[in-house]
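Structural description and commentary
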2 protein chains.
Amino acid sequence: MKRIVLIGSGNVASNLGKALKKSGHHIIQVWSKTLANAQELANTLDCEAISDINKVSADADAYIFSVKDDALLEMLKAFPLKDKVLLHTAGSISIDVLKPFSAYYGVFYPLQTFSKQKEVDFREVPILLESSCDKVGELTTELAHSLSTKVIQASSEQRKYLHIAAVFSCNFVNHLYAVAEGVLVDNGLSLDLIRPLIQETADKAMLHSPKEVQTGPAVRRDMKIVNSHLELLDSDPEIKALYASLSEGIMKQ
Amino acid sequence: MKRIVLIGSGNVASNLGKALKKSGHHIIQVWSKTLANAQELANTLDCEAISDINKVSADADAYIFSVKDDALLEMLKAFPLKDKVLLHTAGSISIDVLKPFSAYYGVFYPLQTFSKQKEVDFREVPILLESSCDKVGELTTELAHSLSTKVIQASSEQRKYLHIAAVFSCNFVNHLYAVAEGVLVDNGLSLDLIRPLIQETADKAMLHSPKEVQTGPAVRRDMKIVNSHLELLDSDPEIKALYASLSEGIMKQ
C-alpha cells in the first residue's frame, strides 16, 4: 500500500485515482486549481481536497502530476516540497522535465483513453514506465503491477511515438466516428445503424494487422464509388478533402 | 426456405452465403469468373460452382448479385434469364441499375465489413432493403429477418449516405489503425500496446455520441503537443498532413 497525492482532477487523474484506491492504495490528497473539482474527486476517493499547492502533504510515497501537458511545468515550479518522488502521466512529455525538481522522478503513463462517463478496466491498460533511479523504478513497477497486467518500460522517445500512434487510433478514429454520425444525422439516419460496423472493425484489429484486412472502395480501387462519394460530399469541402486524402492513403498502401 | 443463386464469391458473397445456409436456405449455385473461387465457396455451401453465367439455374427464388460494384452492370447484361428476382448487395448503387433486366428486383445491403478471415454474427448486422414491388418486398423482408434482428427499409439515396458513413467509420478508421501500426513498428513497438485503446474507443462509441467523448491533444487545444507530434512526423509528409488535417477537424468541431 502506497500513500499518494494526486495533482490534477481531470480524466486521467480521476480514473487513475479510482483504480489506485480499488487496488488498496491510499490517496491522501487531490489538488485542483478549482477547489470544487478537487472536492468532487476527493469525495469519491475519500480524501482531502486542496486548491493551494502549498497545502500539499509532505507525507506521501509519490506525487502524481496528472494535469494538462501545458500546465505541468508551471505546477512543478509551484510545488513546494523537495526530494519527493514526482511522477507524471503524460505520453508526450520527456522524463527530463521533472529533473530540476527532485532526484526521484519518473513517468507513469497509462495508455488508454479516459473519460468521466465510462470507467475503464485498468487490468487491461498498458502502463508505460520510466524512472530516474532504482528507487523510483521499484516504486512505479510495484504500483503499476498492482493496477495492470501490462507493465512496460519505455523510453521518453518511444513514448512519444506511442502517443502519436494513440492519437491516430483513438482521437482521430473517434473524430471519424463523429464525421460519420454527422453524415447520418444530416440524412435522417442514426449512428445505431453503423455501431455494429464500428465494433466489428475494432474486433478485427484485435486479431489481424489492419493493413491486411482493409476493405472498402478505396482498397478495391473502385473509382466509380470513390468519385460518387466525393460528389455527394460537395456541399462540405472539409469532409470531402478528408475523404479524398484518406482514400489516397489507402490506395498508396 | 428459399432457393438462392449467388453471383459472386468475394467477401460479401461468402459471408452472406454462409449465413443464408445456416438459416436454412438452399444455395443452389455459386458463380464466379474464376471457377476455382466459385468452387471454394461452393464446397462450403455444398452446392454447384459455375463460371459460365449461361449455366445459371432457372430454378431459384432469387439471384443475389454480390460482385465488385464496377462489374455489376456487365454481369447483369450477361445474365441470360428473364423476369427473375434480381437483388444486389451494393451500398452505393441505386436500385434502378436492375430495372432493365427484370420486373422483380431489389437491394439487399448488409451493412457490415466482411472479410474471409473472420466470420460475422449476422444477427447483429443491419440489413437495408429496397424493392421494386410487393413481391420482392415480401421476399427480401422474409430473407432478411431470417438472418438478422435489424431489418430496415432505406431508399437508394439514404443508402448512399449510409455507405459514406460506413466508409468513414470502418475503412478510414481501419486505415488509421494501419497508420498507427506503421508508426509503432518503425519505432520497435507493437500494435498490441494500443489494442486495448482501439477496443475502448469503439466501446465508448457504442454508448455515446462520439463528438461528446472526444479526447486528446487537439480537443484540449494543446498546441505544444500537436506541434511536437507534427515535428516528429517530419520524415513522412503524408502522415504529417493527415495528422494536421484531422487535428484541425477536431478543433473546428
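Rules behind the numbers
Residues numbered from 1 in each chain as written. Chains lettered and ligands numbered in written order. Predicted model: local features only at pLDDT ≥ 70, side-chain atom pairs only at ≥ 80, totals over all residues. Heavy atoms only, no water. Least-squares fit on C-alpha atoms with pLDDT ≥ 70 in both. Contact = heavy atoms within 4.5 Å. pLDDT = per-residue confidence, 0-100. Helix = DSSP H or I, 4+ residues; strand = E, 2+ residues; numbered from the N terminus. Buried area = accessible area lost by both parts, 1.4 Å probe. Salt bridge = Lys/Arg side-chain N within 4 Å of Asp/Glu carboxyl O. Polar contact = N/O pair within 3.5 Å; in protein donor to acceptor, adjacent residues only side chain to side chain. Buried < 20%, exposed > 50% of the residue type's maximum accessible area, 1.4 Å probe, protein only. Pairing = 2+ DSSP bridges. Right-handed = clockwise from strand over helix to strand, strands pointing away.

Remarks on the relation of the copies chain A and chain B
In this arrangement, two copies of a chain are superimposed by a rotation about an axis accompanied by a shift along the axis. Mapping chain A onto chain B calls for a rotation angle of 180 degrees and an axial translation of 0.0 Å; the resulting RMSD is 0.0 Å. The relationship between the two copies is best expressed as a two-fold rotation axis. It is Val173(A) whose C-alpha, among those of chain A, lies nearest the rotation axis, at 2.7 Å. Taken as a fraction of all interface residues of chain A, those also at the interface in chain B reach 100%, which identifies the copy contact as same-surface.

Considering the confidence of the model for chain A
Confidence along chain A averages 95 in pLDDT terms, with 100% of residues attaining 70 or more. Among the prediction metrics, the complex's ipTM stands at 0.85, with pTM recorded as 0.85.

Focus on unusual backbone geometry
Working note: non-glycine residues mostly have negative phi, and peptide bonds are mostly trans. All names here are of chain B. Phi is positive for Asp 46, close to 60 degrees, though the residue is something other than glycine. As for its placement among the helices and strands, Asp 46 is situated in the loop between helix H2 (35-45) and strand S3 (48-50). Phi is positive for Arg 221, close to 55 degrees, though the residue is something other than glycine. For Arg 221, the position within the fold is in the loop between helix H6 (195-207) and helix H7 (223-232).

Examining the interface of chain A and chain B
Opposite the 91 residues of chain A that make contact, chain B presents 91 residues. Of the roughly 8,900 Å² buried between chain A and chain B on both sides combined, carbon and sulfur atoms contribute 66%. It is Tyr161(A), Phe168(A) and Leu197(A) that lose the most area in chain A upon contact with chain B, and together they represent 8% of the buried surface on that side. Ionic pairing is found between Glu238(B) and Lys252(A), a salt bridge with its closest N-O pair at 3.2 Å. Our count for the contact surface shared by chain A and chain B stands at 30 residue pairs in polar contact (both at pLDDT 80 or more). Broken down by secondary-structure element, the contributors of at least two residues to the side of chain A that touches chain B are helix H5 (156-186), helix H6 (195-207), helix H7 (223-232) and helix H8 (237-252) of chain A.

Some words on the pairing of strand S1 (residues 3-7) of chain B
Residue and element names in this part refer to chain B. Most of S1 sits inside the fold, with four of its five residues counted as buried. Pairing of S1 with strand S2 (residues 26-31) involves five bridges; the strand directions are parallel. Bridge pairing in S2 links Ile 7 to Trp 31. Note on the crossover from S1 through helix H1 (residues 11-22) to S2: the handedness is right-handed.

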